[in-house]
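# Examination of the molecular architecture
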Amino acid sequence: MEGGKSKKKSTAVSLQQFISVVSPLIDMEKEAEITASISSGSSRNLDAAQKRGSVILNLKCVDAQTGLMGKTLLEFQSNKGDVLPAHKFGTHDVVVLKPNKADIGSPSLGQGVVYRLKDSSITVAFDDVPEEGLNSPLRLEKVANEVTYRRMKDALRQLSQGVQKGPASDLIPVLFGERLPSFAKKDTAFTPFNSSLDHSQKDAISKALSSKDVFLLHGPPGTGKTTTVVEIILQEVKRGSKILACAASNIAVDNIVEKLSSHRVKLVRLGHPARLLPQVLDSALDAQVLKGDNSALANDIRKEMKALNGKLLKTKDKNTRRDIRKELKALSKEEHKRQQLAVTDVIKNADVILTTLTGAFSHQLENTSFDLVVIDEAAQALEIACWIALLKGSRCILAGDHLQLPPTIQSVEAEKKGLGRTLFERLADLYGDEITSMLTVQYRMHEQIMEWSSKELYQSKIKAHPSVAVHMLCELEDVKSSSSTESTLILIDIAGYSFHEFLSARVLCDMEEKKDDEDSTMNEGEAEVALAHAKRLVLSGVSASDIGIITPYAAQVQLLKMMKSKEDKLKDLEISTVDGFQGREKEAIIISMVRSNPKKEVGFLSDHRRMNVAVTRARRQCCLVCDTETVSGDKFLKRLIEYFEEHGEYLSASEYQDE
Ligand SMILES: Nc1ncnc2c1ncn2[C@@H]1O[C@H](COP(=O)(O)OP(=O)(O)OP(=O)(O)O)[C@@H](O)[C@H]1O
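Residues numbered from 1 in each chain as written. Predicted model: local features only at pLDDT ≥ 70, side-chain atom pairs only at ≥ 80, totals over all residues. Heavy atoms only, no water.

## Focus on the site of the ligand
Formally: Only a single heavy atom is needed: when it lies within 4 Å of a molecule or strand, its residue is near that molecule or strand. In protein, a polar contact requires one atom able to donate a hydrogen and another able to accept it; more generally it is a pair of N or O atoms within 3.5 Å, and residues adjacent in sequence count only if both atoms are side-chain atoms. All accessible areas in this document rest on Shrake-Rupley with a 1.4 Å probe, and a residue is counted as covered only by the protein chains that are shown. A run of H or I in DSSP counts as a helix once it spans at least four residues, and a run of E counts as a strand once it spans at least two, with each numbered from the N terminus. Think of it as three bins: nonpolar holds Ala, Val, Leu, Ile, Met, Phe, Trp, Tyr, Cys and Pro, charged holds Asp, Glu, Lys and Arg, and polar takes everything else, Gly as well.
Taken together, 15 residues surround the ligand, and among them Ser196, Gly222, Lys225, Thr226 and Thr227 come closest. Here glutamine 201 contributes a side-chain N or O atom positioned 2.9 Å from a nitrogen atom of the ligand. Contact between the ligand and glycine 583: an oxygen atom at 3.4 Å from a main-chain N or O atom of the residue. In isolation the ligand offers 640 Å² of accessible surface; the protein chains occlude 72% of this area. No other element matches the three residues that helix α6 (residues 225-238) contributes to the shell around the ligand. Grouping the constituent residues of the shell around the ligand by class yields three nonpolar, eight polar and four charged.

Put into structure tokens, the structure is as follows:
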């Protein structure tokens, strides 16, 4: 299709509409984040803040290490038990450290970035070691990240001016339906770097290379979206393009860096070292700057300055002192210039620059423009965050799956008013197949796990690659064949059972859902059953680290983690919300659906995208634990239950009563 004036489709949003709608929504979202953080007026009480998850009280520092290019890594555990209290801290969040009892507004001992999170500990990277106070009880507070919102607002401002000028001036009208997207007349032939690409991946790459302004790579679960993105980048580098490759999350950016680094491409990763995976640190800007000639020169200058400073301290003569000061000033200027040049050299020489979407705002990229902007996980990024990167290029390729979960929005109102509608989804609606290729071979799931999702969400177009189509848990090394490891789909029904009916001698808990203080739902009986199934798998030889329990509700995650902490065998079992597990996989996935009530209310379980993500995390076994009576109240979930009943093993919760 050739470019030209577009007759705007009815779904088109104009640039002006976008700007006027989104601007107040960014403010709402910022407000919601500030309100949730401890510093706001409404959260003067520390215990209340801990309940809301924005502070972790009563911690002890158990380890201190230096690393990460001069950062100090401090590890904290709770003084009150093995598991940290429920919290909303995530890796890469900015936090401050304070004495446990200090007043809310009191100065902090230091500010850092969350580096690692486990059930029982949190590790934070600080620029400097706090000088004192580490031996007393401590607390960590989450800091509202206002920088991100400022960058989004700036991007919005630039976007409104960018129609006439800037690298993206020709791209903007296409993305707002003012002009049609265009492609080269013939599909582009290419010789793949990766010899195992399948036909749908090759077709998509060819179409991407032919696109002149925008292309959508639709990658359903496990279909090798990132593998395809990497091949596109390599082909574009071969053509001489300079590429900005981004994603909303650091981990997604690092996945691309890892896959690219085995090839001969000049790449550089921008970002705080604490937010980068250890295996990509060599590609980090800081590391590469240190290797450059200008950096060596800057280093020599610093040595010279140190010597001169020493001389200055010893010299009494006024004239000599004046001369030394003058020389120091000149050297300092030169050192600064060399440092800047060292950074500019690295950026200028790189073929591919990789960073998060908000990182693309970095001053280091201020005057750099790109031939192509690639955004992975684009269906999980706010549209305005995408624009931070898009404004720097004349062409773009977005990879994602709008049938999995969209970005998390804190403000309910901003979400209702459309802040969560992604650019990927908007463009898929606007141009559809004209600019999209869907990958159709998946490399993760047994075909029975895949089939439900393929039929419900992808018009039955997905096929399982033969290497995974019939793989089973019992075929893993050291795993015994048993009824638990030979099944691909298992449905454990908790309907009609109350735990004390069959566990009278044990904990008295029931199968009905309950609310926690934060209004999140949990179900103790169901948690017991989910853990009992995990134990069965471990007893059959499945490694606990190959199993994941996922659930839509944060309160259920916390409950499961507390219950798991008493079971040594399950130490390496991962427990997470469905949302937090997007992009991940495990050999066996146990889904605890939680809802169990006479009114058959299912809340946000009914979101097709959430159940799609949940089921498709599993490679060899997917086990659904739920109250079938409650969840069958929803038509979509009823079909899921029926699918499991028809193709899997149906068990009742009572079969786990003695475990
Ligand atoms: N053509 C292929 N041949 C063999 N294996 C492949 C192929 N393409 C992808 N894979 C494998 O499939 C797995 C998933 O690939 P990748 O990480 O690229 O997928 P993704 O679509 O980004 O994943 P997600 O579903 O988490 O978004 C990887 O183990 C990868 O090596």
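## Describing the packing of aromatic side chains
Keep this limit in mind: Centre distance within 6.5 Å is the pairing criterion for rings of Phe, Tyr and Trp, where only the six-membered ring of Trp is used; planes under 30 degrees apart are then read as stacked, over 60 as edge-to-face, and the remainder as tilted. The classification of residues rests on relative accessible area computed with a 1.4 Å probe and restricted to protein chains. Under 20% of the type maximum is buried, over 50% is exposed, and intermediate values are partly exposed. Counted as over-ring charges are cases with an Arg CZ or a Lys NZ within 6 Å of the ring centre that also lie within 35 degrees of the ring normal.
For the structure shown, the criterion picks out four aromatic pairs. Plain terms: the ring middles of phenylalanine 176 and tryptophan 387 are 5.6 Å apart, the flat faces sit at 10° to each other, and that makes the pair stacked. Taken as a pair, phenylalanine 176 in the loop between α4 (171-175) and α5 (199-210) and tryptophan 387 in helix α11 (residues 383-390) lie far apart in primary sequence, 211 residues in all. For phenylalanine 176, a relative accessible area of 1% puts it in the buried group. Taken together, Phe18, Phe176 and Trp387 form an aromatic cluster joined through their ring pairs. Its guanidinium or amino end placed over the ring of phenylalanine 183, lysine 207 lies 5.8 Å from that ring's centre, counting from NZ or CZ.

## Description of the side chain of glutamate 526
Operational definition: Charge counting follows a simple rule: Lys and Arg are positive, Asp and Glu are negative, and His as well as the terminal groups are ignored. The term salt bridge refers to a side-chain nitrogen of Lys or Arg lying within 4 Å of a carboxyl oxygen of Asp or Glu.
Structurally, glutamate 526 can be placed in helix α16 (residues 524-539). Despite its burial, glutamate 526 pairs with no opposite charge, the nearest such side chain being arginine 595 at 9.1 Å. For glutamate 526, the side chain forms a polar contact with the main-chain nitrogen of valine 594, separated by 2.6 Å.

## Here we look at the packing of helix α14 (residues 447-457) against helix α18 (residues 608-615)
Applicable threshold: Axis geometry follows a simple rule: fit a line to the C-alpha atoms, using only the stretch in contact for helices, then measure angles between N-to-C directions, giving values from 0 to 180 degrees. Orientation labels follow simple angle bins: below 35 degrees gives roughly parallel, above 145 gives roughly antiparallel, 65 to 115 gives roughly perpendicular, and whatever is left gives oblique. Definitions for this section: a left-handed crossing has its near helix turned counterclockwise from the far helix by less than a right angle. A right-handed crossing has that turn clockwise. Note on definitions: a residue-residue contact is assigned when non-hydrogen atoms from the two residues lie within 4.5 Å.
Packing of α14 against α18 leaves a shortest axis separation of 10 Å and a crossing angle of 160°. Taken together, α14 and α18 sit at an angle that is classed as roughly antiparallel. Taken as a pair, α14 and α18 cross one another with a handedness that is left-handed. Contacts between α14 and α18 involve Ile449, Trp452, Ser453 and Leu457 from the former and His608, Met611, Asn612 and Val615 from the latter.

## A closer look at the pattern of salt bridges
According to the stated counting rule, one finds 26 salt bridges in the structure shown. The residue glutamate 574 makes a salt bridge to lysine 586 at a minimum N-O spacing of 2.9 Å. Here glutamate 574, found in strand β20 (residues 574-577), pairs with lysine 586, found in strand β21 (residues 586-592); they are 12 residues apart in sequence, far enough to count as distant. A relative accessible area of 28% means that glutamate 574 is categorised as partly exposed. Between glutamate 587 and arginine 619 there is a salt bridge, with its nearest N and O atoms 3.2 Å apart. Highlighted residues: glutamate 587 in strand β21 and arginine 619 in strand β22 (residues 618-626), separated in sequence by 32 residues. A single network of salt bridges, built from pairs that share partners, joins Arg444, Glu585, Glu587, Arg619 and Arg620.

## Concerning the confidence of the model for the chain
Put simply, the rule is: Looking at any residue, its pLDDT shows the predictor's confidence there, from 0 to 100.
Model confidence for the chain is summarised by a mean pLDDT of 87, while 92% of its residues fall at 70 or above. This model gives residues 1-8 a pLDDT under 50, and the stretch forms 24 contacts once residues within four places in sequence are excluded. We note a pTM of 0.82 for the whole complex and an ipTM of 0.95 for its interfaces.

## Brief notes about the side chain of threonine 485
As for its placement among the helices and strands, threonine 485 is situated in the loop between β15 (463-464) and β16 (489-493). Polar contacts involving the side chain of threonine 485 include one to the main-chain amide nitrogen of serine 482, which spans 2.9 Å. Setting aside anything within four residues of it in sequence, one finds threonine 485 in contact with Leu473, Cys474, Val479, Lys480, Leu537, Ser540, Val542 and Gln621.

## Focus on helix α20 (residues 635-647)
Convention followed: How far a helix is expected to stretch is found by multiplying one less than its residue total by 1.5 Å. An arc is given here, and it is the one of the directions from the helix axis to the C-beta atoms.
Here α20 contains 13 residues, and its C-alpha end-to-end distance of 18 Å stays within 8% of the 18 Å for a straight helix at 1.5 Å per residue. Where α20 is concerned, the buried positions are Phe636, Leu637, Leu640, Ile641, Tyr643 and Phe644. Taken end-on, α20 shows its buried residues confined to a sector of 155°, consistent with a single buried face. Set apart from the buried face of α20 by more than 90 degrees, the exposed residues are Lys635 and Glu646. Along its buried surface, α20 packs onto α14, β16, α18, β22, α19 (628-631) and β23 (649-652). Structurally, the start of α20 carries an N-cap: the backbone nitrogen of phenylalanine 636 is 3.1 Å from a side-chain oxygen of aspartate 634.

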